[in-house]
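# Architecture and fold: a report
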Amino acid sequence: MSAPKIDAPGTEHDEQTEQVHEIPQVDEKFNGGKTTEIAAASVALAAAIALQKPRLLSKNMLKLYAIMSVGYLVSTLNGFDSSLMGSINAMTPYQKTFGLSGAGSSTGLIFIIYNLGQIAAFPFCGFIADGYGRRACIFVGCLIVLIGTAIQATANVRSQFMGGRFVLGLGAALASAAGPAYTVELAHPAYRGTMAGMYNNFWWLGNILAGWTTYGANKNITSSWAWRIPTVVQAGMPAIVMVLILFFPESPRWLIAHDRREEALAVFAKYHGDGDENSPIVQLEYHEVIELLHQTKNENPWWDFSELVNTRGARYRLYMVIGMSFFGQWSGNNVVSYFMPEMIENAGITDKNKQLLINAINPIFSMMGAVYGATLLDKLGRRFMMLAGLTGALASYIMLTAFTASAEKHASLSYGVIVSIFLFGIIFAWGFTPLQTLYAVECLENRTRAKGSGLNFLFLNVAMVVNTYGISVGIAKIGWKLYIVYIIWICIEIATIYFFFVETAGKTLEEMADIFNADNPRKESTKKTKVEMDESGQVVHIDA
């Protein structure tokens, strides 16, 4: 497809659809009136938003919030399992059922079998999400999670329990590969950071539900139902998502890729233009997606992953995805998620109920931090949030190490350990949690987003397998000295993000192509253009 022709000032002619639509114009003759100057990452997006400012409480926007909220529930799958396993692993009934001690290689193997299931799902993510749609992939994933839950909750032997966890991981990976793509592709471009960043924050909702369910069950039940009830509750959220997703619109970008343009335009218009197909934002998005699609002529079969590596820009995108996969798991957060009871015990607090209570309270504060962080993503930018979050996490881990080491001789300092854990959770969640899935899917282009998301979860789970198994053995062998490894690693992460990670805020998904094709993507991504607008939203001057 050739580039659109400009037929007349203020109009653009699309040869593929024979449509003429308005585009934002610069008024070179403007010579008076009140103007506003902004620093914009994308002139086209800034102009489109200025011409028709979104109404946050309009009927269609409220519907979009509801759809996005159900999409967010997909993220609770992994958050629930993280807290569930950390909690039931400290329960005596669970340990008796399967002959475990709470730490060591056997415990690590039971934890990581979930991640191995997620790795096994990788080849099928693109096949379902690209071939049958984002909604279909979410539905199938949630259905498999329900099957895995049934196997796990009825287990009396370790092999069945592990088999259930493998099936659970498989289903969670399928749903989680499509979930972020669905939310980021449906999010309004003016608020993509907050709307799509909120997705991963619901990881904490799953964590909270599991924490309080296990705390209540362990406090009131002494039989094996103490761990079985929380396992059954794990099926709640995927069941809700599986039913409701059938009634929601498909991703407009997926619809365009499958030659269903009228449907896609209708979705864009309803949720991004408040029902107006000629809205500047709708027309900008719609034609950018079509133009980007036709720049590549092959059919993009589900089994072909070459587009992820066949150009310099594609490889840089992949580096961002891989980096985020490992940084999101190797920043010390997995130690807190899976092994908080053991960390607290190492600090001298041995009462099981008190351990589980602390484990249940912690994610509430972390989720509060994550939600607040998501609201700042579009204002402060992705890079700043990551760097600030990791710097705070580094300070918290230094405190955690010092307090844990000292608590062996001074029991009163054990509460300093708890404070350090809570601080780490809040700060890391504030700066990093909203970006753990958002950043990767923003870096991927439309054609490769489902495959890349699957690859993201592949690397993420490889990182978790190595990390979780290593933590399980390490915390049993060397205790708090393991934290020093994470202090060093967080420093490496901060340096890598500063010098290489790109800024994705303030741009449409399609405009990311210009950044990754630049000689220095990181430098290109941080450029700002001064745009001067009049009171009506018309661009009157651009200072490049």
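Residues numbered from 1 in each chain as written. Predicted model: local features only at pLDDT ≥ 70, side-chain atom pairs only at ≥ 80, totals over all residues. Heavy atoms only, no water.

### A short note on the packing of helix 18 (residues 382-407) against helix 22 (residues 482-500)
For clarity, the threshold we go by: The convention used is that axes are lines fitted to C-alpha atoms, helices contributing only their stretch in contact, and that angles between N-to-C directions extend from 0 to 180 degrees. Helix and strand assignments come from DSSP, with helices taken as H or I runs of at least 4 residues and strands as E runs of at least 2, each series counted from the N terminus. Angle categories: roughly parallel below 35 degrees, roughly antiparallel above 145, roughly perpendicular from 65 to 115, and oblique for all the rest. Two helices crossing with the near one rotated counterclockwise from the far one by less than a right angle form a left-handed crossing, whereas a clockwise rotation gives a right-handed crossing. Contacts were defined at the residue level, with two residues in contact if any of their heavy atoms lie within 4.5 Å.
Helix 22 packs onto helix 18 with a crossing angle of 165° between their chain directions and a minimal axis gap of 9 Å. Considered as vectors, helix 18 and helix 22 are oriented roughly antiparallel to each other. Here the hand of the crossing between helix 18 and helix 22 comes out left-handed. Note on element contacts: helix 22 touches helix 18 through Tyr483, Ile484, Tyr486, Ile487, Ile490, Cys491, Glu493, Ile494, Ile497 and Tyr498, opposite Arg383, Met386, Leu387, Leu390, Thr391, Ala393, Leu394, Tyr397, Ile398, Leu400, Thr401 and Thr404.

### Side note on the pattern of salt bridges
Definition in use: Here, a salt bridge means any Lys or Arg side-chain nitrogen found within 4 Å of an Asp or Glu carboxyl oxygen. Three labels apply to residues, based on accessible area from a 1.4 Å probe with only protein chains included: buried if under 20% of the type maximum, exposed if over 50%, partly exposed otherwise in between.
Counted according to the given criterion, the structure contains 14 salt bridges. Between glutamate 307 and arginine 447 there is a salt bridge; the shortest N-O distance is 3.0 Å. Of this pair, glutamate 307 sits in the loop between helix 14 (280-294) and helix 15 (312-327) while arginine 447 sits in the loop between helix 20 (435-443) and helix 21 (449-477), and the two are 140 residues apart along the sequence. Judged by relative accessible area, glutamate 307 falls into the buried class, the value being 8%. Arginine 447 sits in the buried class, given a relative accessible area of 11%. Members of the salt-bridge network, linked through shared partners, are Asp130, Arg134, Glu185 and Arg449.

### Here's the deal with the environment of threonine 391
Condition: Nitrogen and oxygen atoms within 3.5 Å of one another constitute a polar contact, given that in protein one can donate a hydrogen and the other can accept it, and given that sequence-neighbouring residues count only through two side-chain atoms.
Within the element layout of this structure, threonine 391 appears in helix 18. For the pair threonine 391 and glutamate 493, spaced 102 residues apart in the sequence, the C-alpha separation amounts to 9.9 Å. A polar atom in the side chain of threonine 391 sits 2.7 Å from the backbone oxygen of leucine 387.

### Re the side chain of asparagine 201
With respect to the element layout, asparagine 201 can be found in helix 9 (residues 192-220). For asparagine 201, the side chain forms a polar contact with the main-chain oxygen of alanine 370, separated by 2.9 Å. Residue contacts for asparagine 201: discarding those within four places in its chain leaves Met367, Ala370, Val371, Ala374, Thr433 and Pro434.

### Some remarks on the packing of aromatic side chains
What counts here: Ring geometry is summarised as follows: Phe, Tyr and Trp rings, the Trp one being its six-membered ring, pair when their centres sit within 6.5 Å, and such pairs are stacked at plane angles under 30 degrees, edge-to-face over 60 and tilted between the two. Only lysine NZ and arginine CZ atoms are considered, and such an atom sits over a ring when it is within 6 Å of the ring centre and within 35 degrees of the ring normal.
Within this structure, the stated rule accounts for 26 aromatic pairs. On the numbers, 5.6 Å between centres and 5° between planes, the contact of tyrosine 439 with phenylalanine 501 is stacked. Of this pair, tyrosine 439 sits in helix 20 while phenylalanine 501 sits in the loop between helix 22 and helix 23 (512-516); the two residues are 62 residues apart in sequence, bridging distant segments of the chain. The exposure class assigned to tyrosine 439 is buried, which follows from its relative accessible area of 0%. A residue is classified by how much of its surface remains accessible, and phenylalanine 501, at 2% relative accessible area, is buried. Three or more aromatic residues joined by ring pairs form one cluster here, namely Phe326, Phe327, Trp330, Tyr439, Phe459, Trp489 and Phe501. Above the ring of tyrosine 498, the side-chain terminus of arginine 383 is found at 5.8 Å from the ring centroid.

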